[in-house]
Amino acid sequence: MAGLGGDEGLIMDDATAGAGRRFAVLGSPVEHSLSPVLHRTAYRELGLAGPDGPAYERHDVPAGCLAEFLTEGGGRSLTGASVTMPGKPEAFALATEVDDTSRMLGISNTLVRRPDGSWRAENHDVHGIVAALRDHGATAAITGGVLGSGATALSAVAALLDLGVTDIRLSARSPHKLEPLQALAARSGATVLQVPWEASHELLEAQIVISALAVAGARAVAGTWGGRSELAVPEQFLDVLYDPWPAPLMEVVMERGGEVVDGLEMLTHQADMQIRSMLGVPAAPVAEMLAAARGELATRA
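Below: a short report on this structure. (Residues numbered from 1 in each chain as written. Predicted model: local features only at pLDDT ≥ 70, side-chain atom pairs only at ≥ 80, totals over all residues. Heavy atoms only, no water.)

## Some details on the packing of helix α1 (residues 35-45) against helix α10 (residues 263-279)
- Contact geometry of α1 with α10 gives a least axis separation of 10 Å together with a crossing angle of 55°. On the basis of the axis angle, α1 is oblique to α10. Of the two possible hands of crossing, α1 and α10 adopt the one that is right-handed. Touching Ser35, Leu38, His39, Ala42 and Tyr43 of α1 are Leu267, Thr268, Ala271, Gln274, Ile275, Met278 and Leu279, all from α10.
- Grouping the amino acids of the contact of α1 with α10 by side-chain chemistry returns 8 nonpolar, 4 polar and no charged. (Axes fitted to C-alpha atoms, helices over the stretch in contact; angles between N-to-C directions. Helix = DSSP H or I, 4+ residues; strand = E, 2+ residues; numbered from the N terminus. Parallel < 35°, antiparallel > 145°, perpendicular 65-115°, else oblique. Left-handed = near helix turned anticlockwise from the far one by under 90°. Contact = heavy atoms within 4.5 Å. Nonpolar A, V, L, I, M, F, W, Y, C, P; charged D, E, K, R; others polar.)

The structure is reproduced here in structure tokens:
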């Protein structure tokens, strides 16, 4: 699948990369976000931290307010942003230029200001999911499952397709919201099966399963899964949640000996690609970023 991560930014000299530039994570809610920890750790490890180096903030931007925030609000001086929900469709819509993955999905999680002041939108969620799963041994797979129906679930389908999955099972509380996911899979030639919400545990029969549920929904499903005496165990199970740890559904899979991948690994890999685009560096220090984020999570426990 073309375009995972999009084009990298112009490679700049380490001494000038990010100098004096402001970045931020935008969404609602964002007070829990670990993106500031990840990006600031990268600045430090890359030797860019300091009063003249790049800065990274967080701003709560509700649904429907992203364009206004970037043009008339506190985001006017930002040179780049990580965009979380609910702003991913808005980020795509306001951009003048988009990468291939954004164009395919209609959602973006990264904005980089162009020289003329307009925005380039990129989607690195797909890369983050693929890279995190590959870290845990995922290679070629035939079957995959996605739990949930939002923007991240759409990226999860794209990630499964990138991993070579040709048989995709989907389940969501509101089945009609699965239409974009089904359409994406069908356009790529994959077989699509919609699994009833009350039988969502059947997704675990797939080789790779991704949960894109919010905490409340995950806890409800975990209650039904955990009560079953027989439950299949996928080869890899990725949950986009990272707080609480372990996430409710991950805990169920872990108790049965399954290989689990948490959302913090996904977040770190997509932050790596964001930093490459925002600062024009060849790579970010992924291991150090992940360790710093895990350390921050431990202090919240």
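## Considering the nonpolar core
- Ranked by internal contacts, the top residues of the largest apolar core, which has 36 residues, are Ile129, Leu133, Val146, Val157, Ile168, Leu181 and Leu238.
- For this core, the secondary structure elements donating two or more residues are α5 (125-135), α6 (151-162), β8 (167-171), α7 (179-187) and β10 (208-211).
- If you tally residues by element for this core, the top one is α6, at 9 residues.
- Other than its neighbours up to four places away in sequence, valine 146 contacts Ala153, Ala156, Val157, Leu160, Arg169, Leu170, Ser171, Leu181, Leu203 and Ile210.
- Grouped together as the second largest cluster of nonpolar side chains are 22 residues, Ala199, Val209, Ala218 and Val253 included. (Core = buried A, V, L, I, M, F, W, Y, C linked by side-chain atoms within 4.5 Å. Buried < 20%, exposed > 50% of the residue type's maximum accessible area, 1.4 Å probe, protein only.)

## Examining helix α11 (residues 286-300)
- Between its first and last C-alpha atoms α11 spans 21 Å; for 15 residues at 1.5 Å apiece the expected length is 21 Å, and the two agree.
- Where α11 is concerned, the buried positions are Met289, Ala293 and Leu297. The arc that holds every buried residue of α11, seen down its axis, measures 75°, which confines them to one face. Among the exposed residues of α11, those pointing more than 90 degrees away from its buried face are Ala287, Ala291, Ala298 and Thr299.
- In this fold, the buried residues of α11 make contact with α1 and α10. (Expected span 1.5 Å × (residues − 1). Arc of directions from axis to C-beta.)

## Notes on the environment of leucine 213
- For leucine 213, the position within the fold is in the loop between β10 and α8 (215-226).
- C-alpha separation for the pair leucine 213 and alanine 67, spaced 146 residues apart in sequence, amounts to 26 Å.
- Once residues within four sequence positions are removed from consideration, leucine 213 is found in contact with Leu147, Gly148, Trp197, Ala218, Val221, Val240, Leu241 and Leu249.

## A closer look at the environment of methionine 266
- As for its placement among the helices and strands, methionine 266 is situated in helix α10.
- Note on methionine 266: relative accessible area 7%, which makes it buried.
- Separated by 152 residues in the primary sequence, methionine 266 and arginine 114 place their C-alpha atoms 26 Å from one another.
- With near-sequence residues (within four places) excluded, methionine 266 lies in contact with Asp125, Gly128, Ile129, Ala132, Thr152 and Val240.

## Description of α1
- Along α1, the residues that are buried comprise Ser35, Pro36, Leu38, His39, Thr41, Ala42 and Tyr43.
- Each element contacted by the buried residues of α1 is listed here: β1 (22-27), β2 (55-60), β3 (80-83), α10 and α11.
- A positive phi of about 75° marks glycine 47, the residue just after α1.

## Considering the pairing of β3
- Side chains Gly80 and Ser82 project from β3 onto one buried face, and the interleaved Ala81 and Val83 project onto a second face that is buried too.
- Note that β1 and β3 share 4 bridges and pair parallel. Counterpart to leucine 26 in the pairing with β3 is valine 83. (Pairing = 2+ DSSP bridges.)

## Structural notes on the side chain of histidine 201
- Relative to the assigned elements, histidine 201 resides in the loop between β9 (191-194) and β10.
- Accessibility expressed as a relative area gives 15% for histidine 201, which makes it buried.
- Other than its neighbours up to four places away in sequence, histidine 201 contacts Trp225, Arg228 and Leu231.

## Description of the packing of aromatic side chains
- Across all of its chains, the model carries 1 aromatic pair by this definition.
- On the numbers, 6.4 Å between centres and 75° between planes, the contact of tryptophan 225 with phenylalanine 237 is edge-to-face. Remark: phenylalanine 237 occurs in strand β11 (residues 236-239) and tryptophan 225 occurs in helix α8; sequence separation between them is 12 residues. The pair tryptophan 225 / phenylalanine 237 is uniform in exposure class, with both members buried. (Phe/Tyr/Trp six-rings, centres within 6.5 Å; stacked < 30°, edge-to-face > 60°.)

Purely geometric stuff here, so don't read any function into it on its own.
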